[in-house]
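Next come the chains, spelled out residue by residue.
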Amino acid sequence: MFRQNAFMFGYSQKRLFLAQELGCQLMGFTIIVNDKESYNKALKDGYSNVHFLDITEDTALEQLTVKDNDYLICVMDDHYLNVFLTLSLHALFPKAIVVALSDSPHTTQKLKMAGASKIIDLYQVSANRIHNILHKPVATKLVERLLTSDEDFSFKEMLIPKGSSLDGVMVDDFDFTWHGVILVGMIDKRLSNQFIFITSGLENRFDVGDTIVCIGYNADLEKFENYIKL
Amino acid sequence: MFKNSVIKFAFFLNGSDSYKQIKEIASNFLQNQDYYYKKYFDIFMISLIIVSITILVYEVKHSVPEWMDFFDIYIVTIIFTLEYLARLWVYNDWHSLVVKEYGESQFLNRKFSLWKPSKIALQGKVEYLFSPTAIIDLLAILPAYRPLRVLRIFVLFRVFKLLRYTKSINQFLSVLSSKKFELFTLLFLLLFITITAGIAIYVFEEQQNKDINSLFDALYWALITISTVGYGDISPVTPQGRVVSMVIIVTGIAMISFVTSVIVSAFSEKLTELKENRIIEEINKNEEFMIICGYGQMTRMFLKHYSTEYNRRYIVIENDKEKVEEAIKEGYRAIHDDASKHDVIAKFNTDYAKITLLALTGSDIANIYITLNAKALSSKIRVITRASTDKLAKKCKLAGADSVVMPTQIANRMLFSAITQPVMYKAIYAILTGQHLAQLDEVNLTYHRKLVGKKLDELNFKENKLLCIGLQIGISGEFIFNPPMRLHLEEEDILLIMGRKVSIEHFKMSYAEIRYV
């Protein structure tokens, strides 16, 4: 279970998977729709936290209890409305993280200008996927496995806690393979808040508060997460 | 005895792989427009024809060196003769007819007749010998016979021989043949008016005009006048003759305009088709290419990022004319057609080329149909299909798709990762979009033979600033994540590594060595 709160704007057939996953994995998950049909469908699908709002009205949006760092997910099927909504949400809740879906480079640009923190271009990721299938089939299969939540194999972010055995250890001095996991990258708080790939050639040291990203089998990842807590 | 020997010989030919192979190669060079190397043969023959015409024309007024004469008489003639005989040889198979007839006669307990299959084979050969192209080929050999200078007129047939190798002239003729009815009607009208006007001028002026002495003179005048050429060597002298002139001049102008408009309309009707056929021909010359069905947002995005990588070895098929125009305007190779039709995909060189087909139309049903169509034509075609739901993805797989791409699912997963594991999302996004800071790449040992037999430990991934993520075992296809460093690499294994583009390229370069099969 993840600690984030998220508000998903829009609920349609295409977003069932997303709603289902977020509903299960997040502490707080709210669906906001602007038509009665979607509202009824969301309720019928078992979601209790569903709001029916006129999302073009700021006064209606202001009623939402959005806190800092909450996720506001704009996935309306109407892309004009999606851009408008992004703009409104960014203006109303500047400290929240707006994530939006785009269907073209033009929309992506508009969403960026409207204040979206993360934009996923539906067709760009698909075009990349086709290219990867053609040129890197094995790598693509691996990434697909990593992205599928029901696989026994994934990426995991881990925070180095106080008193961790990793605290103060240089990255090169630690043998991850012994634990069955591969360290892909980390956020080294000492240097910056940016994600650094382990292959970048920089010499890093693990410190308390750093975030590391590993890949491996879920069981190994779990074991390793417990190990670094020791 | 003779019959038995012939049957044995026919069976020998029928069972000989090398004979079949040689005949197939010859047939590909001579007849198969999709054969990759045919263009080189065509270029060679065109060059030979041009050289021989140049020698023959130059020879009319000048004396040519002996070696040039030798080249024209022997080399060119021998090559033309061999080509002529080879075309006759590949036109049909005598031995397979004999074998078939023998098999049938054995099965039906009937007396085997050698004459029957030989007659069919012979009829085929004769049919070929009397075809216009074969006649041109034969006559093109004749100018080499020096004692009869008159035979040099047959140099014209060497010019005609070019027809076989130049597609534009053939296309021009095919466009004209599409308007055969209109052109023949006009020709008959022209003949009718010319003959009528010729007779009229002959009747009116034979006595008065010193230039018109026969009906031939009159017909010649009529043709020159109606064509609006008007040399002026014969002109009417009587008022009646002048009236006839005025009538046929007006008729001539009208007819020329009519003929021009018929030809222009034939071309404008066929122009798009001709252009598209030319694009398909060009694509078919590649050993490996891609057919993209549908010009929607996904195709646009794909071409925007990767069209240069495919270096015009792709073609977009779209059945919406406006979208095709848009694609052409963007600089992409596109044709207007329906990719779900069997004939459309059949135009591509499915036998020899390695084809990847992307079914990316907006309709799932159309994509499934296109997949089935391509796979029905050749199972070798690699198909990647777009689907909108899991259920449809399963149907695409059943239809034979090698891979299925679901844009909504990919985007949903990315969204989910972006929210639940934002750091991981950055990593995956960088890997998926192939950014410079980190890439996930494959090292195929088929192309990096120097790695065969090496222990993973020896490859110094850490020093090379690379991560060894996994290994796909060549023969079994089994994937080992985080492989133990004691493992030895074998042929056809695929190593999965991660690192910066520059590190990966350096690693690949160090071990590059291709195995030629």
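Look above for the structure.
Residues numbered from 1 in each chain as written. Chains lettered and ligands numbered in written order. Predicted model: local features only at pLDDT ≥ 70, side-chain atom pairs only at ≥ 80, totals over all residues.

## Points about the overall build of chain A
Next up, step 1: Each helix and strand in chain A was counted, giving eight helices and 10 strands.
Next up, step 2: Residues counted as buried form 41% of the 230 residues belonging to chain A.
Next up, step 3: Residue pairs at least 24 apart in sequence account for 56% of intrachain contacts in chain A once pairs closer than 6 positions are excluded. (Helix = DSSP H or I, 4+ residues; strand = E, 2+ residues; numbered from the N terminus. Buried ≥ 20, exposed ≤ 12 C-beta atoms within 10 Å, placed from the backbone. Contact = placed C-beta atoms within 7 Å.)

## A closer look at the overall build of chain B
Next up, step 1: Looking only at helices and strands, chain B has 20 helices and 10 strands in total.
Next up, step 2: A burial count over chain B gives 31% of its 517 residues as buried.
Next up, step 3: Here the analysis covers contacts within chain B between residues at least 6 apart in sequence; of these, 62% occur between residues at least 24 apart.

## Focus: the packing of helix H6 (residues 122-135) of chain A against helix H13 (residues 297-310) of chain B
Next up, step 1: Interaxial distance between H6(A) and H13(B) falls to 8 Å at its minimum, and their mutual angle equals 60°. When the interaxial angle is binned, H6(A) and H13(B) end up oblique. Note that H6(A) runs across H13(B); the crossing there is right-handed. Contacts from Tyr123(A), Gln124(A), Ser126(A), Ala127(A), Ile130(A) and His131(A) of H6(A) reach H13(B) at Gln297(B), Met298(B), Met301(B), Phe302(B), His305(B) and Tyr306(B).
Next up, step 2: Among the residues making up the contact of H6(A) with H13(B), the classes are represented as seven nonpolar, five polar and no charged. (Axes fitted to C-alpha atoms, helices over the stretch in contact; angles between N-to-C directions. Parallel < 35°, antiparallel > 145°, perpendicular 65-115°, else oblique. Left-handed = near helix turned anticlockwise from the far one by under 90°. Nonpolar A, V, L, I, M, F, W, Y, C, P; charged D, E, K, R; others polar.)

## Observations regarding the environment of Gly294(B)
Residue and element names in this part refer to chain B.
Next up, step 1: Checked against the element boundaries, Gly294 lands in the loop between strand S1 (288-293) and H13.
Next up, step 2: Looking at Gly294, the number of C-beta atoms within 10 Å reads 24, which means it is buried.
Next up, step 3: C-alpha separation for the pair Gly294 and Asn319, spaced 25 residues apart in sequence, amounts to 7.5 Å.

## As for the packing of helix H3 (residues 38-61) of chain B against helix H8 (residues 155-165) of chain B
How two helices sit against one another is set out by the angle between their axes and by the gap between those axes.
Residue and element names in this part refer to chain B.
Next up, step 1: Running from N to C, H3 and H8 point in directions that differ by 165°, and their axes come no closer than 10 Å. Classified by the interaxial angle, the pair formed by H3 and H8 is roughly antiparallel. Along this stretch, H3 crosses H8, giving a crossing that reads as left-handed. The segment H3 lies against H8, with Asp42, Met45, Ile46, Ile49, Ser52, Ile53 and Leu56 engaging Val155, Arg158, Val159, Lys161, Leu162 and Tyr165.

## Section: the sheet that holds strand S9 (residues 195-197) of chain A
Residue and element names in this part refer to chain A.
Next up, step 1: Read from one edge to the other, the open sheet built from four strands follows the order S7-S10-S8-S9, with strand pairing classed as antiparallel. The open sheet is flanked by strand S7 (153-159) and S9, the only strands paired with a single partner. With strand direction ignored, the average angle separating the axes of adjacent strands in the sheet is 30°.
Next up, step 2: Summarising the sheet, S7 and strand S10 (residues 211-217) pair through seven bridges and their orientation is antiparallel. Paired with Leu159 across the two strands is Thr211, which belongs to S10. (Pairing = 2+ DSSP bridges.)

## A closer look at the interface of chain A and chain B
Next up, step 1: Contact with chain A, which involves 54 residues of that partner, is made by 54 residues of chain B.
Next up, step 2: Tallying contributions element by element places H6(A) first for the side of chain A that touches chain B, with 12 residues.
Next up, step 3: In terms of residue class, the side of chain A that touches chain B is made up of 32 nonpolar, 15 polar and seven charged.

## So, the sheet that holds strand S2 (residues 314-318) of chain B
All names here are of chain B.
Next up, step 1: With parallel pairing, six strands are arranged side by side in an open sheet as S3-S2-S1-S4-S5-S6. Strands at the two margins of the open sheet, each flanked by one partner only, are strand S3 (334-336) and strand S6 (403-405). The average undirected angle you get between the axes of adjacent strands in this sheet is 20°.
Next up, step 2: Here S1 pairs with S2 via four bridges, running parallel.

## Topic: unusual backbone geometry
All names here are of chain B.
Next up, step 1: Backbone geometry at Thr228 places phi at a positive 65°, although glycine is not the residue there.
Next up, step 2: Examined against the element boundaries, Thr228 turns out to sit in the loop between helix H11 (215-226) and helix H12 (239-284).
Next up, step 3: Looking at Thr228, the number of C-beta atoms within 10 Å reads 12, which means it is exposed.
Next up, step 4: A positive phi is found at Asn460, a non-glycine position, where the angle reads about 45°.
Next up, step 5: Among the structural elements, Asn460 can be located in the loop between strand S7 (439-444) and strand S8 (466-472).
Next up, step 6: Overall, Asn460 belongs to the exposed group, with 11 C-beta atoms counted inside 10 Å.

## Some points on the nonpolar core
Next up, step 1: The biggest cluster of nonpolar side chains holds 137 residues, and the ones touching the most others in it are Met8(A), Ile73(A), Cys214(A), Leu415(B) and Ile497(B).
Next up, step 2: If one sorts the elements of this core by residue count, helix H18 (residues 407-420) of chain B sits on top with seven residues.
Next up, step 3: Among all residues touching Ile497(B), those that are not within four sequence positions of it are Asp441(B), Val443(B), Leu466(B), Leu467(B), Cys468(B), Ile469(B), Ile504(B) and Phe507(B).
Next up, step 4: By size, the runner-up hydrophobic cluster in this structure holds 12 residues, among which are Ala197(B), Ile201(B), Phe204(B) and Ile226(B). (Core = buried A, V, L, I, M, F, W, Y, C linked by C-beta atoms within 7 Å.)

## So, the pairing of strand S5 (residues 97-102) of chain A
Residue and element names in this part refer to chain A.
Next up, step 1: For S5, a buried count of five out of six residues is recorded, marking the element as mostly surrounded by other parts of the structure.
Next up, step 2: Here strand S4 (residues 71-74) pairs with S5 via four bridges, running parallel. For Cys74, the partnering residue across the bridge sits in S5 and is Ala100.
Next up, step 3: Handedness of the crossover is the feature at issue here: the chain leaves S4, passes through helix H4 (residues 79-92), returns alongside S5, and the resulting connection is right-handed.
Next up, step 4: One ladder, built from four bridges, connects S5 with strand S6 (residues 118-121); its direction is parallel. If you follow Val99 over to S6, its bridge partner there is Lys118.
Next up, step 5: Remark: the S5/helix H5 (residues 105-114)/S6 crossover connection has right-handed handedness. (Right-handed = clockwise from strand over helix to strand, strands pointing away.)

## Description of helix H1 (residues 2-15) of chain B
Next up, step 1: Look at H1(B): 20 Å from first C-alpha to last across 14 residues, which is about the 20 Å you get at 1.5 Å a residue.
Next up, step 2: With one of 14 residues buried, H1(B) lies mostly on the surface of the structure. (Expected span 1.5 Å × (residues − 1).)

## Points about the pairing of S10(A)
Every other side chain in a regular strand lies on the same face of the sheet, so the side chains alternate between the two faces.
Residue and element names in this part refer to chain A.
Next up, step 1: Taken across its seven residues, S10 has five buried, putting it largely inside the fold.
Next up, step 2: Here strand S8 (residues 181-187) runs beside S10; their pairing, made up of six bridges, is antiparallel. Note on S10: the bridge partner recorded for Ile187 is Thr211.

## So, the environment of Val57(B)
Next up, step 1: Relative to the helices and strands, Val57(B) is located in helix H3.
Next up, step 2: Sequence separation of Val57(B) and Val155(B) is 98 residues, and the distance between their C-alpha atoms is 8.4 Å.

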